[in-house]
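# Remarks on the overall topology
Next come the chains, spelled out residue by residue.
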Amino acid sequence: ARKDPTRPNNRQVLLVDTVIHKMVREKGIQLAPGDLGENILVEGIDLMALPVGTRLQVGSAILELTEIRDPCSQLDGVHPGLHRAVEVKTAEGLQPRAGMLGVIIRGGIIRPEDTVQVIRP
């Protein structure tokens, strides 16, 4: 916003799935909910496999995924090596798996244990 206040805020909420927590646990890093800075921790959906533009219903709120979170070295402040632990080697190079950023399409109440549903891929 400081650089360009007219630019839309596409980073209103960070969603991380438990697949990512499991992935880093296999690399020896134990995370608690919120350690990656996530606002919402999702179980049962591989968020990183969903395309940008996917809409999710969480509680009574509707969210739209806007971009893959690009991890930075600040994650190493949570746990040494976490920055590299959330990257996966693929044929295209290192791919981040640190969550998906999104915007709120419709506000609503979100409670722990609310179901997260893909409503528009």
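The following paragraphs examine the structure supplied in this document. The structure displayed is predicted, hence computed values, not measured ones. (Residues numbered from 1 in each chain as written. Predicted model: local features only at pLDDT ≥ 70, side-chain atom pairs only at ≥ 80, totals over all residues. Heavy atoms only, no water.)

In this section: the environment of K89. Tracing the backbone shows K89 in strand β5 (residues 87–90). When the C-alpha positions of K89 and L15 are compared, they lie 22 Å apart, and in sequence the two are 74 residues distant. (Helix = DSSP H or I, 4+ residues; strand = E, 2+ residues; numbered from the N terminus.)

The phi torsion at E113 lies on the positive side, around 75 degrees, for a residue other than glycine. Note that E113 resides in the loop between β7 (100–106) and β8 (116–120). According to the relative accessible area criterion, E113 is exposed, its value standing at 80%. (Buried < 20%, exposed > 50% of the residue type's maximum accessible area, 1.4 Å probe, protein only.)

Its place among the elements puts R69 in the loop between β4 (61–68) and α2 (82–85). Buried charge R69 goes without a salt bridge, the closest partner of opposite sign being E38 at 5.9 Å. Within the local environment of R69, its side chain forms a polar contact with the backbone oxygen of L36, the two atoms lying 2.7 Å apart. There is a polar contact of 3.3 Å between the side chain of R69 and the backbone oxygen of A98. Among all residues touching R69, those that are not within four sequence positions of it are L14, L36, L75, P96, A98, G99, M100 and L101. (Lys, Arg positive; Asp, Glu negative; His and termini not counted. Salt bridge = Lys/Arg side-chain N within 4 Å of Asp/Glu carboxyl O. Polar contact = N/O pair within 3.5 Å; in protein donor to acceptor, adjacent residues only side chain to side chain. Contact = heavy atoms within 4.5 Å.)

This part is about the sheet that holds β8. The mixed open sheet is built from 6 strands, whose spatial order is β2-β1-β7-β4-β3-β8. The open sheet terminates on both sides in strands that have one partner only, identified here as β2 (40–42) and β8. Within the sheet, the average angular offset between the axes of one strand and its neighbour, ignoring direction, is 40 degrees. The pairing of strand β1 (residues 13–17) with β2 spans 3 bridges and is parallel. Within the sheet, the bridge partner assigned to V16 lies in β2 and is L41. (Pairing = 2+ DSSP bridges. Axes fitted to C-alpha atoms, helices over the stretch in contact; angles between N-to-C directions.)

Let's shift gears to the pairing of strand β6 (residues 93–96). Relative to β6, β5 runs antiparallel, the two being bridged by 4 bridges. The partner of T90 across the bridge, within β6, is G93.

Turning to the environment of I68, a few remarks are in order. Secondary-structure assignment places I68 in strand β4. Sequence-distant contacts of I68, defined by excluding residues within four places in its chain, comprise M48, P96, G99 and M100.

Moving on, we get to the pairing of strand β3 (residues 55–58). Covered by surrounding structure in β3 are L56 and V58 only, the residues R55 and Q57 on the alternate face being uncovered. In terms of strand pairing, β3 meets β4 through 4 bridges, oriented antiparallel. For V58, the partnering residue across the bridge sits in β4 and is A61. The turn linking β3 back onto β4 is made up of 2 residues, and G59 within it adopts a positive phi angle of 60 degrees.

We now examine the nonpolar core. Grouped together as the largest cluster of nonpolar side chains are 28 residues, with contacts concentrated most on L15, V24, L36, L47, L56, L82 and V86. Listing elements by their share of this core, those giving two or more residues are β1, α1 (18–25), β2, β3, β4, α2 and β7. A total of 4 residues in this core trace back to one element, the largest contributor, which is β1. Apart from the residues within four sequence positions on either side, L47 is in contact with L15, V16, D17, V42, L56 and M100. (Core = buried A, V, L, I, M, F, W, Y, C linked by side-chain atoms within 4.5 Å.)

Nothing here speaks to function; it is all geometry.
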